[in-house]
Amino acid sequence: MPHQLETAAFQPFSERLSLDQNKQLCKAAKLRHGGTKKDLIERLLDNEQTSQYGLEGNFFSLNVESIKQLCRARNLQVSGQKFDLVLRILHCDNGTTPEGTTLKRAAIQIVSQVDAATGQLVEKHVPKKRKKAAPSASRAYSRVQKKIEAVTQKKYQSHWGSKTHSCDVYELVANLLTSEAIPNLTKDPRLALDIAKAAITSLTDNFNTIQRPGYDDNGDLGTIDSSLRTIAEKVKPLLSEEEKEEFAGWIEEWDSIGEPYGLTMDTDLLQTVAFIRGNDGSQKSEEGIDERKPAAKPTKPDGGQEKSHGNNLIKENVKNDGTTH
């Protein structure tokens, strides 16, 4: 058969499916669905309608994004795995949706547009834009957790791909702080704090799942650091002493978890912790005041000697009894 040479070089998509899933595809395409799994795969690859979804890696086969575009053109939902998408299209094109089930269509709305060719007003069905979910602490925690657990996805399994997982996690946490927490500081500062807490605690709770946590190619750890400082400066006046200690505690925990990997080495997380707790010493440092005592002035010749080494002066102290050290 014509596809036999191709299968030697490319993996059939249906090979990864179960016997029952291959039967569902055959039924949806109005093909015979009896026989072994090998028989079903042969029919799917020989059929003009289903062969385009068949051999993965083949230049002429459709990838997942292309299949989603076909779903959108039919006002079908684009959620699910490749099998779900292909089955949905086949049911739609062949009218083979099983009795008692409903074809999953995308939510649509009717809009009026001027047809460019005729100049007349026409109605078109377009997918509804999904409303953006309201920011919440539980959603922030869940999103970070799911992103960390996504380490098992195929794109993170290669040597180079595994290095990008931690980058994607830190990017998500940074985005949650900058796009959901900080924008709420004015109208609902406590919500902003709750979102920040959820994002950071989810990161620390699930940190051990990250396989290569030491990579931060986009500098998102710095964004996390500065965002937490911004939030601290806004919400600190509203917090009780107990709440301040809790706030400082989960930042401190993130610092201690990231420190062995060098993730918090160039951050000011501990200064932010000190600021929240009201440490005066850290506050002076934040204002740019150098707390170190000024260097002692060189002693007079009868009290000490100065040795010159290049551009540096090293002073030798002299005890009162005249003994030098």
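Just so we're clear, the structure is a prediction, and the values are computed from it rather than from any experiment. (Residues numbered from 1 in each chain as written. Predicted model: local features only at pLDDT ≥ 70, side-chain atom pairs only at ≥ 80, totals over all residues. Heavy atoms only, no water.)

Trainee: Sorry, what's going on with the nonpolar core here?
Mentor: Inside soluble globular proteins, nonpolar side chains tend to come together where they are buried. In terms of nonpolar packing, the biggest core is built from 39 residues, with Leu203, Ile224, Leu228, Ile231, Phe247 and Trp254 touching the most fellow members. Going through the elements one at a time, helix 7 (137-149), helix 8 (159-181), helix 9 (189-205), helix 10 (220-235), helix 11 (241-258) and helix 12 (269-277) are the ones with two or more residues in this core. (Core = buried A, V, L, I, M, F, W, Y, C linked by side-chain atoms within 4.5 Å. Buried < 20%, exposed > 50% of the residue type's maximum accessible area, 1.4 Å probe, protein only. Helix = DSSP H or I, 4+ residues; strand = E, 2+ residues; numbered from the N terminus.)

Trainee: Mind showing me how you'd approach the side chain of Thr204 here?
Mentor: Tracing the backbone through its elements, the reader meets Thr204 in helix 9. Relative accessible area serves as the criterion here: at 8%, Thr204 is assigned to the buried category. Those residues within four positions of Thr204 in sequence are excluded, and the remaining contacts are Glu253, Trp254 and Ile257. (Contact = heavy atoms within 4.5 Å.)

Trainee: Can you help me understand the pattern of salt bridges in this one?
Mentor: When charged atoms on two side chains of opposite charge get close, those side chains can pair. Scanning the entire structure with this criterion turns up 10 salt bridges. A salt bridge links Glu65 to Arg72; the nearest nitrogen and oxygen atoms lie 3.4 Å apart. With relative accessibility at 41%, the residue Glu65 sits in the partly exposed group. Given the relative accessible area of 37%, Arg72 is considered partly exposed. Between Glu180 and Arg139 there is a salt bridge whose closest N-O contact spans 3.1 Å. Of this pair, Glu180 sits in helix 8 while Arg139 sits in helix 7, and the two are 41 residues apart along the sequence. The exposure class assigned to Glu180 is buried, which follows from its relative accessible area of 4%. Judged by relative accessible area, which is 26%, Arg139 ranks as partly exposed. (Salt bridge = Lys/Arg side-chain N within 4 Å of Asp/Glu carboxyl O.)

Trainee: Explain the packing of helix 7 against helix 9 here, please?
Mentor: Think of two packed helices as two axes; the pair is described by the angle between the axes and how far apart they sit. Across the interface, helix 7 lies against helix 9 with an axial gap of 8 Å and an inter-helix angle of 25 degrees. Considering the angle they form, helix 7 stands roughly parallel to helix 9. Read as a crossing pair, helix 7 and helix 9 show a hand that is right-handed. Where helix 7 abuts helix 9, its residues Ala137, Ala140, Tyr141, Val144, Gln145 and Ile148 lie against Asp194, Ile195, Ala198, Ala199, Thr201, Ser202, Leu203 and Asp205. Looking at the contact of helix 7 with helix 9 residue by residue, the class counts come to 9 nonpolar, 3 polar and 2 charged. (Axes fitted to C-alpha atoms, helices over the stretch in contact; angles between N-to-C directions. Parallel < 35°, antiparallel > 145°, perpendicular 65-115°, else oblique. Left-handed = near helix turned anticlockwise from the far one by under 90°. Nonpolar A, V, L, I, M, F, W, Y, C, P; charged D, E, K, R; others polar.)

Trainee: Which parts of the structure should I look at to understand the confidence of the model for the chain?
Mentor: Do not read the predicted coordinates in detail wherever pLDDT is low. When the pLDDT values of the chain are averaged, the result is 81; 76% of them are 70 or greater. Mean pLDDT across the secondary structure elements of the chain bottoms out at strand 6 (residues 312-317), with 35, and peaks at helix 9, with 97. Across residues 282-293, where pLDDT falls below 50, the model places 10 contacts with residues more than four positions away in sequence or in other chains. For the stretch residues 298-325, pLDDT sits under 50, and the model shows 27 contacts to residues farther than four places along the chain or on other chains. (pLDDT = per-residue confidence, 0-100.)

Trainee: Would you take a moment to explain the packing of aromatic side chains for this structure?
Mentor: The geometry of an aromatic ring pair is captured by two quantities: the separation of the ring centres and the angle between the planes. Per the counting criterion, the structure on display carries 3 aromatic pairs. A cation sits over an aromatic face here: Arg229 above Phe275, 4.3 Å from the ring centre. Over the face of the ring belonging to Phe275 we find Lys236, whose NZ or CZ atom lies 4.3 Å from the ring centre. (Phe/Tyr/Trp six-rings, centres within 6.5 Å; stacked < 30°, edge-to-face > 60°. Lys NZ or Arg CZ within 6 Å of the ring centre and 35° of its normal.)

Trainee: Help me out: how do you make sense of helix 11 in this one?
Mentor: One turn of the α-helix equals 3.6 residues, which is why residues spaced by three or four share an orientation. Helix length check: helix 11 (18 residues) gives 26 Å between terminal C-alpha atoms against 26 Å at 1.5 Å per residue, within 8%. Considered for burial, the residues of helix 11 that qualify are Lys244, Phe247, Ala248, Trp250, Ile251, Trp254, Asp255 and Gly258. Looking straight down helix 11, one finds that the buried residues subtend no more than 160 degrees of arc, so they occupy a single side. Exposed residues lying more than 90 degrees from the buried face of helix 11 are Glu241 and Glu242. For helix 11, the elements touching its buried residues are helix 8, helix 9, helix 10 and helix 12. (Expected span 1.5 Å × (residues − 1). Arc of directions from axis to C-beta.)

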